Amino acid sequence: MVSYRVRGGNALRGTAFIQGAKNAVLPMIGAALLAAKGRTVLRNVPIIEDVRRAVELAHTIGAKCELHEAERTLVIDASELTSAKLPADIARRFRGSVLFTPALLHRLGEAVVEGVGGCNLGSRNLDFHYLGYKRLGAAVEENETVIHVKAAGLTGAKLYLDTPSHTGTENLIMAAALAKGTTVIENAALEPEVLDVIEMLTRMGARISGGGTGFITVEGVDELRAVEHTVMPDRLDAGVFAMAAAITGGEVNLVGASLEHLGVVRWKLEQMGVEFATHGAVLHVRRERPLRPINIITDTYPGFATDLQSPMMTVACLADGMSYIHERIFDGRFALAGELNKMGADVEVDGSRAIVKGATPLQGADVTAHDLRSGIALVLAGLAAEGETRIASGYLIDRGHSYLAERMRALGADITREILPSTGTVS
Ligand SMILES: CC(=O)N[C@H]1[C@@H](OP(=O)(O)OP(=O)(O)OC[C@H]2O[C@@H](n3ccc(=O)[nH]c3=O)[C@H](O)[C@@H]2O)O[C@H](CO)[C@@H](O)[C@@H]1O
Ligand SMILES: C=C(OP(=O)(O)O)C(=O)O
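Parameters at a glance
- Residues numbered from 1 in each chain as written.
- Chains lettered and ligands numbered in written order.
- Predicted model: local features only at pLDDT ≥ 70, side-chain atom pairs only at ≥ 80, totals over all residues.
- Heavy atoms only, no water.
- Helix = DSSP H or I, 4+ residues; strand = E, 2+ residues; numbered from the N terminus.
- Rg over C-alpha atoms; globule rule 2.2 N^0.38 Å.
- Buried < 20%, exposed > 50% of the residue type's maximum accessible area, 1.4 Å probe, protein only.
- Contact = heavy atoms within 4.5 Å.
- Areas by Shrake-Rupley, 256 points an atom, 1.4 Å probe, with all protein chains shown as cover.
- Lys, Arg positive; Asp, Glu negative; His and termini not counted.
- Charge placed at Lys NZ, Arg CZ, Asp CG, Glu CD.
- Near = heavy atom within 4 Å.
- Polar contact = N/O pair within 3.5 Å; in protein donor to acceptor, adjacent residues only side chain to side chain.
- Pairing = 2+ DSSP bridges.
- Axes fitted to C-alpha atoms, helices over the stretch in contact; angles between N-to-C directions.
- Salt bridge = Lys/Arg side-chain N within 4 Å of Asp/Glu carboxyl O.
- Domains from an automatic or database assignment.
- Buried area = accessible area lost by both parts, 1.4 Å probe.
- UniProt positions renumbered as here; feature names shortened; annotations may be inferred.
- Nonpolar A, V, L, I, M, F, W, Y, C, P; charged D, E, K, R; others polar.
- Expected span 1.5 Å × (residues − 1).

Describing the overall build of the chain
- Helix and strand content of the chain: 15 helices and 25 strands.
- Here the C-alpha atoms of the chain give a radius of gyration of 21 Å, agreeing with the 22 Å that 2.2 N^0.38 yields for 427 residues.
- Its C-alpha atoms put the chain at 60 × 45 × 45 Å along the principal axes.
- Across the 427 residues that make up the chain, the buried fraction comes to 58%.
- Considering only intrachain contacts with a sequence separation of at least 6, the fraction spanning at least 24 residues in the chain is 71%.
- Surface accessibility of the chain: about 16000 Å² in total, with carbon and sulfur atoms responsible for 49%.
- Positive and negative side-chain charges of the chain, numbering 43 and 50 respectively, have mean locations separated by a distance of 1 Å.

The structure is reproduced here in structure tokens:
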């Protein structure tokens, strides 16, 4: 059992290195499996549990993967894929497992999905993925535990997504990249990670246009080659470190963070009293004045990222006045509210809306991470609280943030990652 222990009260100051993006590297591992020859090299790979699970899953289907942690480099040789089955014990531990299906369909003619994991955020449907595969010519059979997709070659088609699904867009682009003829995906996702995946696939030889417009056209090609690609910085990791500075009244330099990718999150934090300045490739963040309350409505990019809604809820607890949050992407993303209230916050949830009454002083407590982002939101709460906060399960935080304790300690935070009780190791 991994947990994080945080003693609050220190203003975070100094330099933090922003990791590569979880939500870009996972589809890139899926993309690497499309190359039937050669070795793909991914750089700036975040050393997170989801990447470790993806490497394990790639091994089970026959790919050879070497994760060089110190170099943050992943080498993937997918020249021999031997199994079309994504076994439940690994696939159910992370959402990115669904991104392996296009490669299995193209390379082995079938994909057997025993389950897909990811954060527990309410309903997380995959119908756009499977309906899209069907439109491209695949047969999809489902029973209670397994989804079996079969295709003796895919053919381009016109696809429309009811909402711009992030992984749905990535999967359908990958499926279309090696299909015969032209595919058009309407209402495609606009997230920067999707654009980075398109960039990698284009370098691999795919013919994709319209990325970032919502209308993507893919002209199928016969093969894709292994390439080297550097994963973009993680805008969610950057957002969290910016909020850590904001909530503790600190001042940090974020190496590798992109202000452009923060989008509306930047404007909202500025309204709250946070100042951003770019110095070349380093983003400087500091709290300028006492925090003001904020209204946020989550949306697909370029809207306010749902994954930063939870840490923002914590920041709102420290703002003087009433903040309003409307969660529009997931129907179960407010479990955090109860945990913050245990620490002295005043958060009221009504369906997809939450009202945060601040500023309330936070007290350290034993709290539960219900998912990755509520976990990191509780770390932020711990940084601002009086006394000690213990957050479990830390595994959920480790799914998406690499070397969190080390990077926050470098900024002056009092935080430890503990593995208890079997070994008692502390890092
Ligand atoms: C690995 C990865 O990249 N995860 C991200 C991805 O998840 P993920 O790709 O799973 O999120 P989606 O964009 O697909 O889902 C958003 C919403 O659309 C609905 N939907 C989605 C697909 C579908 O076939 N049918 C359907 O109804 C879902 O139930 C959900 O309510 O985007 C989310 C929204 O930005 C982020 O929170 C996750 O961090
Ligand atoms: C929802 C998230 O991740 P996943 O889609 O991998 O569960 C997240 O990163 O907050």
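Some words on the site of ligand 2
- Every residue close to ligand 2 is listed here: Lys22, Asp50, Arg95, Gly118, Cys119, Leu121, Arg124, Asp307, Arg333, Leu372, Arg373 and Arg399.
- Between ligand 2 and Arg373, the relevant distance is 2.7 Å, taken from an oxygen atom to a side-chain nitrogen or oxygen of the residue.
- Between an oxygen atom of ligand 2 and a side-chain N or O atom of Arg399, the distance comes to 2.8 Å.
- Coverage of ligand 2 by the protein chains reaches 94% of its 290 Å² of free accessible surface.

A look at the sheet that holds strand 20 (residues 347-350)
- Spatially, four strands are ordered 18-19-21-20 in an open sheet, and the strand pairing comes out mixed. The open sheet is flanked by strand 18 (295-297) and strand 20, the only strands paired with a single partner. Within the sheet, the average angular offset between the axes of one strand and its neighbour, ignoring direction, is 10°.
- Sheet analysis places strand 20 next to strand 21 (residues 353-358), joined by four bridges and oriented antiparallel.

Section: the pattern of salt bridges
- Enumeration according to the criterion identifies 27 salt bridges in this entry.
- Between Arg289 and Glu288 there is a salt bridge; the shortest N-O distance is 3.4 Å.

Regarding the sheet that holds strand 16 (residues 274-279)
- In space, the four strands of this open sheet follow the order 2-15-17-16, with mixed pairing throughout. The open sheet has two free edges, formed respectively by strand 2 (13-17) and strand 16, since each of these has just one partner strand. In this sheet, adjacent strand axes meet at a mean angle of 20° when their direction is disregarded.
- Relative to strand 17 (residues 282-287), strand 15 (residues 251-255) runs antiparallel, the two being bridged by five bridges. Within strand 17, the residue paired with Val252 across the bridge is Val285.

A look at the domain arrangement of the chain
- Split by domain assignment, the chain resolves into domain 1 (2-19 + 233-426) and domain 2 (22-230).
- With centres defined by C-alpha atoms, the gap from domain 1 to domain 2 works out at 30 Å.
- Between domain 1 and domain 2, the contact holds 24 residues from the first and 25 residues from the second.
- Of the roughly 2100 Å² buried between domain 1 and domain 2 on both sides combined, carbon and sulfur atoms contribute 51%.

Details of the UniProt feature "modified residue: 2-(S-cysteinyl)pyruvic acid O-phosphothioketal" (unreviewed entry) in the chain
- What UniProt calls "modified residue: 2-(S-cysteinyl)pyruvic acid O-phosphothioketal" (unreviewed entry) maps, in this numbering, to Cys119.
- Locating Cys119 in the fold gives a position in the loop between strand 7 (110-113) and helix 5 (127-135).
- Take Cys119: its relative accessible area is 12%, and that puts it in the buried class.
- Not counting the four nearest positions on each side in its chain, Cys119 is found in contact with Arg124, Asp371, Leu372 and Arg399.

Observations regarding the site of ligand 1
- Taken together, 18 residues are adjacent to ligand 1, and Asp127, Ser165, Thr167, Asp307 and Ile329 come closest.
- Measuring from an oxygen atom of ligand 1, one finds a side-chain N or O atom of Asn23 at 3.0 Å.
- In this structure, a nitrogen atom belonging to ligand 1 sits 2.6 Å away from a side-chain N or O atom of Asp127.
- The protein chains hide 89% of the 740 Å² of surface that ligand 1 would expose on its own.
- Elements supplying a minimum of two residues to the shell around ligand 1: helix 5 and helix 6 (166-177).
- When residues in the shell around ligand 1 are grouped by element, the largest group, three residues, is from helix 5.
- Across the shell around ligand 1, the residue classes break down as four nonpolar, nine polar and five charged.
- Taken domain by domain, the makeup of the shell around ligand 1 includes at least three residues from each of domain 1 (2-19 + 233-426) and domain 2 (22-230).

Overview of the side chain of Thr183
- With respect to the helices and strands, Thr183 occurs in strand 11 (residues 182-186).
- If we skip the residues at most four places from it in the chain, Thr183 touches Leu136, Gly156, Ala157, Leu159, Ala176, Ile216, Thr217 and Val218.

Regarding helix 13 (residues 372-384)
- Counted at 1.5 Å a residue, the expected span for helix 13 with its 13 residues is 18 Å, and the 19 Å between its end C-alpha atoms agrees.
- Of all 13 residues making up helix 13, 12 are buried, and the element is well covered by its neighbours.
- Within helix 13, the full set of buried residues consists of Leu372, Arg373, Ser374, Gly375, Ile376, Ala377, Leu378, Val379, Leu380, Ala381, Gly382 and Leu383.
- Where helix 13 begins, the capping side chain belongs to Asp371, and its oxygen is found 3.0 Å from the backbone nitrogen of Arg373.

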